[in-house]
Structure formats: C-alpha cells, structure tokens
Amino acid sequence: MEQLTPAKVTPADPPGGAAGEEQKRRALRKMKLVALSFLLGATLVFLLTSWAQASGWPGWVGYVRAAAEAGMVGALADWFAVTALFRHPLRLKIPHTAIIPNKKDALGNSLGDFVGSNFLSEEVVRDKLRRVEIARRLGAWLAQEENAERVTSELATVVRAAVKVLRDEDVQAIMEQAVARRIIDKPWGPPLGKILQGVFADGAHHKLVDLMCDRAYEWVRDNHTTMLRVVSDRAPSWSPKFVDEMLADKVYGEVLSFAWAVKTDVNHPMRLALDKFLAEFAQDLQTDPDVMARAEQVKGQIVHHEEVQRLIGSAWSTAKEMLLTAAEDPSSELRRRVRRGLVSLGERLISDDHLRSKADGWVEGAAAYLVRNYSREITTIITDTVERWDAEETSRKIELQVGRDLQFIRINGTVVGALAGLVIYAVAELLF
C-alpha cells in the first residue's frame, strides 16, 4: 500500500503581500550587486597590481596587490558562507551546504525549544505579566464609556450568535430533562415545609393574614343581602318571615362583629389558631408521611396540568426572544446594566488595590497554568508548521527576509580581508 506523506505547505508571505515581496526582492538583488562589485573591484585591483608588479613598479604595489588578493579571498569565502545557508554554491553538493533546506526540521525543533525555554517558562511569563499590570490597564480601558460600550456590543453579538445557533427543540429537551425533571423528581414536601417553617417563624405571613382578614370583613360588610338570603333559604318553611329576618340580622351582626374582631385584634384566638395550624402544617410536610404523600399528589397534578406543561415548553422560546431583543437594542435595560457594570469594574480595578492584586493574580495563575501544562503543545505548533513547509520555498522566503543584511557580510569580508592581507604582507616585509 502506498504510504501517504503530509503535504508540504508554503510559508506565509511577508506583510505587504506580493508588492512587499517584490520590493524586498529588488532590494536583495541590489545588495547582491553591491557585494559583487566589491569582489570585482578587488579582482580588478589584483590584476592591475599583478601586471604593475611584473612590470617593475615600485614596492608599494606589492602592498596593494596583497590587500586586493586578501580582499578577493575574503569576498569569495563569505560569498560561499552566505550562499551555503540557502543552497549549494555553484550547484555543487558540497557537505554542510544548503543548510536551511537540509536542516529545516532541526532548525524548527531548535526554534521551538528556544521559545519554550526562554519565552514560555513560568518565571518569565509571571515576571512579564507582573510588570505589564494587566488589571490596571484593563481597568483604565474599561472605565471609558466608549470602550465599555464596545465590549457590551461584542458580548451582545456573541450572545445573539450563540442563541441563534442553538436549536429550540434541543434546548427545550435539556430544560425538561436537566432542570424541570430534576425539580419534579425530588420530593416537594420537606423543602417546602422547611421554607414555610422559616416564613411562619419570622412572622412574614402576618401581612397576608391581615389582607385576608380585611377582605373577609369587607365582604361580610358589603353583602348584607346575601347573608339574609342564605338564612332565609335555610329556615323552615313554616317559620314566619319576620322571624327569619330577625334571625338573619342577628346572624349577620354576629358574623360582622366576629370578622371585625379578627381584623382588628392581632391576638385574636382565630389568628392564634391559624398560626398554630400553619406551624403544624409546615412541620407535617417534613415529618408526616401522609401529608408528604398528599403533597406529592398535589405536585403531580400541578406539574402534569396542561397549562404548566405548555409553560415549560415555551420557557425557552420566551427567554430566547427576550435575550435577542435585549441584545439587539443598545438602549435595552440588559445592555445598560452590562455597560454600567463594566465601567464600574474598570473604576474599581483602578482604585481598589486589593481587587487589582487579585485580578493580576488570577491572570498570572491562568497563564502559568497554561505554560506549565501546555508549553510543549504550544511549541509544537512551531515545529509542526516548519516541518510542513516546503524546503526550497522556505529557504527562498528566509533569504528574502534576511538576505539583504547578509550581503553586508560579503562586503565586510572583502574590506576586512583586504586590511588583513595588507597587515600580513606588511609584517612579512618588516620581518623578512
């Protein structure tokens, strides 16, 4: 079976695209011509001085000839060194030439190790983040209203995108299974009894009792005719009508007096009996099996009611519409609150040293955790990317980036070689 090899990837073009690459290519050709002119100049001087020396010119010609000869050697040696980085000089496959194409993967590994050791170490990252003071800078940035609005707008965009991506049926299924089902499966009696026990113990229910007593008294007061009709309907057929009316008035008066007493007297026996009943009911919800079972029956009737099921099913649709409307409207209460919260957070990060220190600590801790546990994976991005690059194209790209500066090595080699040759020749003449 044929073995598949990963496709070679061409390294990305430098900033500026094709125009920038063409400009660098012209600059590189120009510097190569300058370096070559130094070599040709040294060669021309060497040839002229050799002819002059053979023709019997004075002794100073030897010094110039030695300088030109050494300059030629230096220029050729540095041309070989620079060229050997990117290709085989004169297409001769001399060992240890075309270093970048041949050693591309090794260079990528070395670069990854260098970055991991010197830039992705925990100490370096912590020190850099500590000196940068991210929390203070973030606070100063967020404290500006326009920046807070920008962040709010971006968050709104993220929320809109996330909400639109989610399918309604999936979210409703999750809500029914993960939220509603868990609430339904748990017994309601004990937790409800505990809540009611706390409410009754604090007396928070007294306002509701007061409201019920007020409404009961007002109903009795405003329904005299109804009370008379009820008594008359319950009276014997042989009872005289005036007796029924007298009895009805008496009953109405007693009921009205009772309702008034319950309404105005907070220590009325009826109120005390109601408090006692409620306290016992809250306790029974937690301990009495019969009451707990009846609470579960009531829960089942409520949960399986058609309107409740419809409400659970439409909860996500309602929440989704509210979120989208609030996210799209810059003047919505949600976005205003988020914006004010961001500005307030920025101001606190500037003024609150303790909060700023905690925020910096969180950032340092998160960065240190990533470096400590994933630095190898991060540097692998470098090595894997370099391995996928085409060797020849990589060499060409690197030469395009740094080749112009490397031509100065050839120029310097010519100049330094000439000076070295001049010194060596002069010393030899003095000694011998």
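Residues numbered from 1 in each chain as written. Predicted model: local features only at pLDDT ≥ 70, side-chain atom pairs only at ≥ 80, totals over all residues. Heavy atoms only, no water.

### Some remarks on the environment of His96
Within the element layout of this structure, His96 appears in the loop between helix H2 (60-86) and helix H3 (99-102). Residues His96 and Ala84, 12 residues apart in the sequence, show an inter-C-alpha distance of 7.6 Å. (Helix = DSSP H or I, 4+ residues; strand = E, 2+ residues; numbered from the N terminus.)

### Quick word on the nonpolar core
In this structure, Val115, Leu120, Val125, Leu129, Ala367 and Val371 together form the largest nonpolar core, which totals six residues. At the level of secondary structure, the elements contributing two or more residues to this core comprise helix H5 (122-132) and helix H17 (353-388). Excluding its chain neighbours within four sequence positions, the residues that come into contact with Ala367 are Val125 and Leu129. (Core = buried A, V, L, I, M, F, W, Y, C linked by side-chain atoms within 4.5 Å. Buried < 20%, exposed > 50% of the residue type's maximum accessible area, 1.4 Å probe, protein only. Contact = heavy atoms within 4.5 Å.)

### Comments concerning the confidence of the model for the protein chain
Here the protein chain averages 82 in pLDDT, while 88% of its residues score no lower than 70. In this model, residues 1-6 is a region of pLDDT below 50 whose contacts with residues beyond four sequence positions or in other chains number zero contacts. (pLDDT = per-residue confidence, 0-100.)

### As for helix H4 (residues 104-118)
A rise of 1.5 Å per residue sets the reference length of H4, with its 15 residues, at 21 Å; its end C-alpha atoms lie 21 Å apart and thus fit the reference within 8%. All buried positions along H4 are accounted for by Lys104, Gly108, Gly112 and Val115. Taken end-on, H4 shows its buried residues confined to a sector of 80°, consistent with a single buried face. Structurally, H4 contributes buried residues whose contacts are with H3, H17 and helix H18 (391-431). (Expected span 1.5 Å × (residues − 1). Arc of directions from axis to C-beta.)

### Digging into the packing of aromatic side chains
Overall, the coordinates contain five aromatic pairs when judged by the stated rule. On the numbers, 6.3 Å between centres and 70° between planes, the contact of Tyr369 with Tyr374 is edge-to-face. Cluster of aromatic residues (ring-pair linked, three or more members): Trp51, Trp57 and Trp60. (Phe/Tyr/Trp six-rings, centres within 6.5 Å; stacked < 30°, edge-to-face > 60°.)

### Let's talk about unusual backbone geometry
Phi is positive for Ala98, which is not a glycine, with a value near 50°. Its place among the elements puts Ala98 in the loop between H2 and H3. Take Ala98: its relative accessible area is 4%, and that puts it in the buried class. Positive phi values are uncommon outside glycine, yet Glu133 reaches one of about 55°. Mapped onto the elements, Glu133 comes out in the loop between H5 and helix H6 (134-142).

### What to know about helix H7 (residues 145-165)
Along an α-helix, residues three or four apart share an orientation, since each turn contains 3.6 residues. Over its 21 residues, H7 extends 30 Å from the first C-alpha to the last, a length consistent with the 30 Å expected when each residue adds 1.5 Å. By the burial criterion, the buried members of H7 are Asn147, Ala148, Thr152, Ala156 and Val163.

### Quick look at a nonpolar patch on the surface
Among the surface-exposed residues, Val34, Phe38, Val415, Val416 and Leu419 lie close enough to one another that they form a single nonpolar patch of about 390 Å² accessible area. For the nonpolar patch, the secondary structure elements donating two or more residues are helix H1 (17-54) and H18. Here the nonpolar patch takes three residues from H18, the largest share from any one element. Counting through the fold element by element, Leu419 comes out in helix H18. Given the relative accessible area of 51%, Leu419 is considered exposed. (Patch = residues over 30% accessible without salt bridge, like charges linked within 9 Å, V, L, I, M, F, W, Y side chains within 5 Å. Areas by Shrake-Rupley, 256 points an atom, 1.4 Å probe, with all protein chains shown as cover. Salt bridge = Lys/Arg side-chain N within 4 Å of Asp/Glu carboxyl O.)

### Observations regarding the packing of H7 against helix H16 (residues 333-351)
Following both chains from N to C, one finds H7 and H16 inclined at 130°, their axes separated by 9 Å at the closest point. Our classification of the angle between H7 and H16 gives oblique. The element H7 and its partner H16 pack so that their crossing is right-handed. The segment H7 lies against H16, with Glu145, Ala148, Glu149, Val151, Thr152, Ser153, Leu155, Ala156 and Arg160 engaging Arg335, Val338, Arg339, Leu342 and Val343. Partitioning the contact of H7 with H16 into residue classes produces seven nonpolar, two polar and five charged. (Axes fitted to C-alpha atoms, helices over the stretch in contact; angles between N-to-C directions. Parallel < 35°, antiparallel > 145°, perpendicular 65-115°, else oblique. Left-handed = near helix turned anticlockwise from the far one by under 90°. Nonpolar A, V, L, I, M, F, W, Y, C, P; charged D, E, K, R; others polar.)

### With respect to the UniProt feature "transmembrane region" (unreviewed entry) in the protein chain
Taking the numbering used here, the UniProt-annotated feature "transmembrane region" (unreviewed entry) corresponds to residues 33-54, 66-86 and 408-428. Helix makes up 100% of residues 66-86 and strand 0%, whereas the separation of the span's terminal C-alpha atoms amounts to 31 Å. (UniProt positions renumbered as here; feature names shortened; annotations may be inferred.)

### Overview of the layout of surface pockets
In this model, the largest pocket occupies a volume close to 240 Å³. Lining of the largest pocket is provided by Phe86, Arg87, His88, Arg91, Lys93, Ala98, Pro101, Glu392, Ser395, Arg396 and Glu399. Element by element, the count of residues in the lining of the largest pocket is highest for H18, at four residues. For the lining of the largest pocket, the residue count by class is three nonpolar, two polar and six charged. (1 Å grid on protein atoms, 1.4 Å probe; cavity = no way out; pocket = protein on both sides within 12 Å on 5 of 7 lines; lining within 4 Å. Points joined across faces, edges and corners; volume = space filled by probe spheres on them.)

### Section: the environment of Ala326
Looking at where Ala326 falls in the secondary structure, it is placed in helix H15 (residues 306-328). Separated by 10 residues in sequence, Ala326 and Arg336 have C-alpha atoms that sit 9.8 Å apart. Those residues in contact with Ala326 that sit more than four places away from it in its chain are Ser332, Leu334 and Arg335.

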